[in-house]
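Analysis of the macromolecular model
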There are 2 protein chains.
Amino acid sequence: MRKKLRDNSNETATMRLRQAGLRPTRQRNELAKLLFRDGHRHLTAEMLHAEAVAEGVKVSLATVYNTLHQFTQAGLLLQVVVDPTRSYFDTNTADHQHFYCEDENLLTDIPGPEIAVAGLPTPPPGTVIKRVDVVVHVRRS
Amino acid sequence: MRKKLRDNSNETATMRLRQAGLRPTRQRNELAKLLFRDGHRHLTAEMLHAEAVAEGVKVSLATVYNTLHQFTQAGLLLQVVVDPTRSYFDTNTADHQHFYCEDENLLTDIPGPEIAVAGLPTPPPGTVIKRVDVVVHVRRS
DNA sequence: TCAATAGTTTAGAATTATTCTAAAGAGACT
DNA sequence: AGTCTCTTTAGAATAATTCTAAACTATTGA
Ligand SMILES: [Mn+2]
Ligand SMILES: [Mn+2]
Ligand SMILES: [Zn+2]
Ligand SMILES: [Zn+2]
């Protein structure tokens, strides 16, 4: 009882899933709890699966992939493309930009006021702008 | 003889390779000619290989991959990451930015004055900025 | 309470892009 | 030409991701 009163992460996760129109299954709940427990995170499917396994959550890699894509479609995550060999998922769905360090495969948010993209260019005929991605590649020095 | 005087693409390609410190082999020459014959291009390895085959150039896909990476290391190409499933190589090695249309897998340069990235952010401790990538994702409208 | 239904999970196979291996081929230099 | 080194290539291997189809489970409404 004590525990229940202090830890509302289950209800929070369930609510988040219902609002997103996703059936709150055990696996989705557990993954949502891992994803959204602390500040913003930038994870690959493999990373999240390893974390789940390490914490004793029984879920398959296929389900992690499914879930990450469903969460992305539902607007709970953003997929970020920075590395040609892996896909990152970002729990920060606000409009923001990234540092990417290839040396350590580390993706982080650019803090504070974002880089001002001065004056969007006219998109090619027959298209409209969907999103502007800014990635600042850094190197260990 | 007439032909030789008008078409210096072979010599141009050879020179480009020598300057890059790459032995001018038949395959590298042919690929260089395809890559740099008209304006700037944005190609995947598969695309370049298909083009080579279509034009009767005998070269394996492995060599196309090798060559694209060697050209990139030599500074003749830029590798651009926009799509989690494929790698693009860009013959425009100037500092510039891209439109990417996922609907048609089309990567193009943003023409004219580039988007001004106002005030670079301070990189994470222990790192220095290597490059700033700006990709404007567009959708067919 | 409990089927019936529809949505979900999963193991394992399949797919796709890319890289590796190691043997044969070709450019460079004498 | 002969030697050396670098390059090409077929085919195998790898890695990330997706697919398949059968077993499972949340939801709903009697
Ligand atoms: Mn890839
Ligand atoms: Mn990939
Ligand atoms: Zn982020
Ligand atoms: Zn370009």
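Our structure's up above, just so we're on the same page.
Definitions and limits used
Residues numbered from 1 in each chain as written. Chains lettered and ligands numbered in written order. Predicted model: local features only at pLDDT ≥ 70, side-chain atom pairs only at ≥ 80, totals over all residues. Heavy atoms only, no water. Pairing = 2+ DSSP bridges. Helix = DSSP H or I, 4+ residues; strand = E, 2+ residues; numbered from the N terminus. Axes fitted to C-alpha atoms, helices over the stretch in contact; angles between N-to-C directions. Parallel < 35°, antiparallel > 145°, perpendicular 65-115°, else oblique. Contact = heavy atoms within 4.5 Å. Nonpolar A, V, L, I, M, F, W, Y, C, P; charged D, E, K, R; others polar. Donors = N, O, S within 2.8 Å, 3.2 Å for Na, K, Ca; no water. Buried < 20%, exposed > 50% of the residue type's maximum accessible area, 1.4 Å probe, protein only.

As for the sheet that holds strand S4 (residues 98–101) of chain A
With mixed pairing, the six strands of this open sheet are ordered in space as S5(A)-S4(A)-S7(A)-S7(B)-S4(B)-S5(B). Of all the strands in the sheet, just strand S5 (106–109) of chain A together with strand S5 (106–109) of chain B have a single pairing partner and so form its edges. When the angles between neighbouring strand axes are averaged without regard to direction, this sheet yields 30 degrees. Strand direction decides the pairing type here: S4 of chain A and strand S7 (residues 127–140) of chain A, joined by four bridges, are parallel. If you follow cysteine 101 of chain A over to S7 of chain A, its bridge partner there is valine 138 of chain A.

Observations regarding the packing of helix H3 (residues 26–36) of chain A against helix H4 (residues 45–54) of chain A
Residues and elements named next belong to chain A. Orientation of H3 relative to H4, taken along the N-to-C sense of each, is 105 degrees, at an axis distance of 11 Å. The angle between H3 and H4 places the two elements in the roughly perpendicular class. In contact with Leu31, Leu34 and Leu35 of H3, H4 contributes Leu48, Glu51 and Ala52. Looking at the contact of H3 with H4 residue by residue, the class counts come to five nonpolar, no polar and one charged.

A word on the coordination of the zinc ion (ligand 4)
All names here are of chain B. Looking at the metal site, the zinc ion (ligand 4) is ligated by His42 (NE2), Asp90 (OD), His96 (NE2), His98 (NE2) and Asp109 (OD), spaced 1.9 to 2.2 Å from it. Coordination of the zinc ion (ligand 4) draws on donor residues from a single chain, spaced H-x47-D-x5-H-x1-H-x10-D in sequence. Taken as a pair, histidine 42 in strand S1 (residues 42–43) and aspartate 109 in strand S5 lie far apart in primary sequence, 67 residues in all.

Brief notes about the pairing of strand S3 (residues 86–90) of chain A
All names here are of chain A. In terms of burial, S3 is largely enclosed, as four of its five residues are buried. Sheet topology places strand S1 (residues 42–43) next to S3; two bridges connect them, and they run antiparallel. Bridge assignment links leucine 43 to a residue of S3, and that residue is phenylalanine 89. In terms of strand pairing, strand S2 (residues 78–83) meets S3 through four bridges, oriented antiparallel.

Honestly, it's all geometry; don't read function into it.
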